[in-house]
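Architecture and fold: a report
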Amino acid sequence: SQASTLLPSLFQHIDEGRCLTVLHIGSALPETVEFFSRYRCKLLFFDLFGDLPELIPAAAAATELQQRLSELMPIPAGARIDLCLFWDLFNFLGRDAIAALLDILRPHLHRDSLGHGFAVHSLKAPQSGKVYGIKELDQISLRPRPAALPGYSPYNQGQLERLLDCFRISRSVLLAESRLELLLAANLRH
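Below you will find a few notes about this structure. Since we're looking at a predicted model, the values are computed, not measured.

**Quick look at the nonpolar core**
A general tendency of soluble globular proteins is for nonpolar side chains to be buried together. Formed by 41 residues in total, the largest nonpolar core has its most connected members in Ile25, Met73, Ile75, Phe86, Leu101 and Phe167. The dominant element in this core, judged by the number of residues it contributes, is helix α5 (residues 95–105), at seven residues. Apart from the residues lying within four places of it in its own chain, the contact partners of Leu101 are Leu69, Met73, Phe86, Leu89, Phe90 and Leu93. Listed in part, the 20 residues of the second largest apolar core include Leu10, Trp87, Tyr132 and Ile134.

What follows is the structure, encoded as structure tokens:
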């Protein structure tokens, strides 16, 4: 596991009487499911990492990417997402795929939606090779990936800020191996 100073901020203002909707991009690790069993919530697990080869083609049209992501992430109509756990997904998606992902998420976000993810400080940072989950409020669980993922082309904080048009990076923490942990806040234009 790895200590996290930003993860507790996701839960800081949660109204325990309200049901949360959590979008988790990645495997449904047992410790993550156990952690969220403490809260009234709906968990939406979408493991896009196995589908990366379909999401990273250079010539794919934006509409094709959005259609494929919609199929891979069947978010229920009317769902309002409170927490988005992106982990290191953005390090594997091209600009068009990130735009398509955000187009799908935007109607489900609200002004208090928060997100969490990882970027890099240096573009030379190696691929993490980890599957992420939540062990405790301030502990991220890490498991090795069986193999390196295709399409690793990370973004630094400045690049990611320009790409994530419906989120702003509210805090970041520098980690080992030139990685960044990010706390995201909804940045919706009405």
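After that view, the rundown keeps rolling.
**Quick look at the pairing of strand β5 (residues 109–120)**
Among the 12 residues in β5, 10 count as buried, and that is most of the element. Looking at chain direction, strand β4 (residues 81–87) and β5 are connected through five bridges and run parallel. Paired with Leu85 across the bridge in β5 is His116.

**Side note on the packing of helix α4 (residues 62–72) against α5**
The description of two helices packed together rests on the angle between their axes and the distance between the axes. Taken N-terminus to C-terminus, the directions of α4 and α5 make an angle of 55 degrees; their axes are 9 Å apart at the nearest point. One way to sum up the angle between α4 and α5 is to call them oblique. Here α4 and α5 pass one another in a crossing that is right-handed. Packed against α4, whose contacting residues are Ala62, Leu65, Gln66, Leu69 and Ser70, the element α5 presents Asp96, Ala97, Ala100, Leu101, Asp103 and Ile104 at the interface. Here the residues of the contact of α4 with α5 are counted per class, giving seven nonpolar, two polar and two charged.

**Things to note about the pairing of strand β6 (residues 130–136)**
Every other side chain in a regular strand lies on the same face of the sheet, so the side chains alternate between the two faces. Summarising the sheet, β6 and strand β7 (residues 139–144) pair through six bridges and their orientation is antiparallel. Counterpart to Lys130 in the pairing with β7 is Pro144. The loop that links β6 with its antiparallel partner β7 comprises two residues.

**Topic: the pattern of salt bridges**
Between side chains of opposite charge, a pair can form when the charged atoms approach closely. Throughout the structure, instances matching the rule amount to eight salt bridges. Between Arg143 and Glu31 there is a salt bridge, with the nearest N and O atoms lying 2.7 Å from each other. Of this pair, Arg143 sits in strand β7 while Glu31 sits in helix α2 (residues 30–36), placing them 112 residues apart in sequence. Among the residues examined, Arg143 registers a relative accessible area of 34% and is labelled partly exposed. Overall, the relative accessible area of 16% leaves Glu31 in the buried class. Three or more residues are tied together by salt bridges with common partners; here these are Asp103, Arg106 and Asp165.

Calculation notes
- Residues numbered from 1 in each chain as written.
- Predicted model: local features only at pLDDT ≥ 70, side-chain atom pairs only at ≥ 80, totals over all residues.
- Heavy atoms only, no water.
- Core = buried A, V, L, I, M, F, W, Y, C linked by side-chain atoms within 4.5 Å.
- Buried < 20%, exposed > 50% of the residue type's maximum accessible area, 1.4 Å probe, protein only.
- Helix = DSSP H or I, 4+ residues; strand = E, 2+ residues; numbered from the N terminus.
- Contact = heavy atoms within 4.5 Å.
- Pairing = 2+ DSSP bridges.
- Axes fitted to C-alpha atoms, helices over the stretch in contact; angles between N-to-C directions.
- Parallel < 35°, antiparallel > 145°, perpendicular 65-115°, else oblique.
- Left-handed = near helix turned anticlockwise from the far one by under 90°.
- Nonpolar A, V, L, I, M, F, W, Y, C, P; charged D, E, K, R; others polar.
- Salt bridge = Lys/Arg side-chain N within 4 Å of Asp/Glu carboxyl O.

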